[in-house]
Amino acid sequence: MKIRTRFAPSPTGFMHVGNLRTALYEFLTAKHGGGDFVLRIEDTDQERYVEGATDVIYNTLKIAGLTHDEGPDIGGDFGPYVQSERVGLYKPYAEQLVKEGKAYYCFCTKERLEKLHEDGVIGYDRHCRDLSADEIQKLLDSNTPYVIRQKLPLTGETTYHDCVYGDITISNEELDDQVLIKADSFPTYNFANVIDDHTMGITHVVRGSEYLSSTPKYNALYDAFGWDIPTYIHLPLIMGKSVDEDGNEVISKLSKRHGSTGFMDLINEGYLPEAIINYIALLGWAPTTNQEIFSMEELIANFDINGISKSPSVFDYNKLEWVNAEYIKAMDFESFTNYAKPYYDQYGLTEDKYQLLSEILQPRITRFTQIAEKLTFLKEFSDFDLSLFEHKKSKSNKETSIAALTDMIPALEALDWNSEAISNLLTGYATEKEIKNSVVMWPVRIGAAGVAVTPGGCAEVLILLGKEESLKRLKTSLDRLTKE
Ligand code: GLU
């Protein structure tokens, strides 16, 4: 049988990394077995509806490279793929169960149910489960509002299997006669979910472990209809690590206080989509080898449900950054530059500088946003602390700096502005004066950049700044040094 999985997000406007992992494992389960990956939007909970939220889902799947085979935007043989467009479809299924004696109309009022609750009754007391045919007809004839409930077994046990958690047994007494159709004729979420999965031919259900406790109810429906139960793959929670007031490490459900938890937020922090996907793939799934960097093709080839762990995994931002750095290092020059371009643009850097910029930055960054930090010196040049000119290791101090800058400013002014010419000038000067290269390189770099740490050396800094700006800055620095 062809494997069919589905990603069934509710449009909340936000893609949590946990949801993204669910989507990824669904995608990989389908693709590893040559199957189909279906997108279904579960939007019937109107209270949670957020404008534009479905676009967040489409965009995320696209950027993440999780291409669906069927879905609201591309169609398919099992549509509609948006739950709100399927509302008419569910009630006949519930009516079928009523006819077969497996479900019943429940006319209990809200007040009665509230009273039960107040009196300490847990769940529903099955008051309408055994109404006579006459009583039911009378209530229907008088248009008494009703819900449809499933008749669940009163005794015994139910066992089901989950690929991650193994066999799970629960006592049937714990199962309430669940509502399938509400008084407004709309299905409950649990009912719609089962009807959708069955009618869409879903063979493998991957979802968060918070659905484990509802699974016996889903199975009771599959059994009532005589349908095959899908293979279940419930995923453990994703945790985060923090430190409490006493300095103790605390592990708790991943939330904003641990760091970004949204896919788009991570992208905005300079992580590459491929790196996020690679990292998330390993967040709960262990390959059989020590390999850590996987392309999507490799993930598809290697992914195996048996490698999913039931112990919650901890989201490790340092590890994600390491994976990201590996991807950045492996990028070809053109891709790196394309990705970095928006950052270069912010600093007004033109195309003729791209080659140099990328050569300098690619080996030095682990996230793209660091480009901004590394290039701040291009925009900002303030009255920096002149003690920066003093650097023991470079044998530089204020006096040597004044001497070097006094000689180098006119020489640089006369120069054809390119890296090689700048380097030759500075090293030639050092040789001539019998001083260390650093005695001239240090003050020129500091005098132009105004910060101690720059990406690249002296010549690179001057090229990025351009001739005019470099000389202007060097003169200002020399001026300040001599006046001090
Ligand atoms: N719409 C549900 C959610 O977003 C998905 C439930 C499921 O996968 O069965 O949590």
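Preceding this paragraph is the structure being described.
Residues numbered from 1 in each chain as written. Predicted model: local features only at pLDDT ≥ 70, side-chain atom pairs only at ≥ 80, totals over all residues. Heavy atoms only, no water.

## Quick look at helix H1 (residues 17–32)
Next up, step 1: End to end, H1 covers 22 Å across 16 residues, agreeing with the expected 22 Å (1.5 Å per residue, within 8%).
Next up, step 2: In terms of residue burial, H1 counts as a mostly covered element, since 13 of its 16 residues are buried.
Next up, step 3: One or two residues past the end of H1 sits Gly34, with phi positive at roughly 70 degrees. (Helix = DSSP H or I, 4+ residues; strand = E, 2+ residues; numbered from the N terminus. Expected span 1.5 Å × (residues − 1). Buried < 20%, exposed > 50% of the residue type's maximum accessible area, 1.4 Å probe, protein only.)

## What about the nonpolar core?
Next up, step 1: Leu66, Phe315, Tyr344, Phe368, Leu375, Leu412 and Val444 are the most contacted members of the largest nonpolar core, which has 100 residues in total.
Next up, step 2: The greatest single-element share of this core, amounting to eight residues, is contributed by H1.
Next up, step 3: The residues contacting Leu66, other than those within four sequence positions of it, are Leu20, Ala23, Leu24, Phe27, Phe37, Leu61 and Met296.
Next up, step 4: The next biggest cluster of nonpolar side chains, apart from the first, holds 36 residues, and it includes Tyr81, Leu97, Cys128 and Tyr146. (Core = buried A, V, L, I, M, F, W, Y, C linked by side-chain atoms within 4.5 Å. Contact = heavy atoms within 4.5 Å.)

## Thoughts on the site of the ligand
Next up, step 1: Taken together, the neighbourhood of the ligand is formed by Arg6, Ala8, Pro9, Ser10, Glu42, Tyr189, Asn193, Arg207 and Tyr211.
Next up, step 2: At 2.6 Å, a side-chain N or O of Glu42 approaches a nitrogen atom of the ligand.
Next up, step 3: For the ligand, an oxygen atom lies 3.2 Å from a polar atom in the side chain of Arg207. (Near = heavy atom within 4 Å. Polar contact = N/O pair within 3.5 Å; in protein donor to acceptor, adjacent residues only side chain to side chain.)

## Some words on the side chain of Thr454
Next up, step 1: Along the chain, Thr454 falls in the loop between helix H17 (437–449) and helix H18 (458–465).
Next up, step 2: Engagement of the side chain of Thr454 in a polar contact is seen with the side chain of Arg445, the distance being 2.7 Å.
Next up, step 3: Looking at Thr454, its side chain comes within polar contact range of the main-chain oxygen of Gly456, at 3.2 Å.
Next up, step 4: If near-sequence neighbours (up to four positions away) are discounted, Thr454 is found in contact with Arg445, Ala449 and Val461.

## A closer look at the environment of Lys182
Next up, step 1: By secondary structure assignment, the location of Lys182 is in the loop between strand S7 (179–181) and helix H6 (189–199).
Next up, step 2: Taking relative accessible area as the criterion, Lys182 reaches 38% and is therefore assigned partly exposed.
Next up, step 3: When the C-alpha positions of Lys182 and Ile148 are compared, they lie 6.8 Å apart, and in sequence the two are 34 residues distant.

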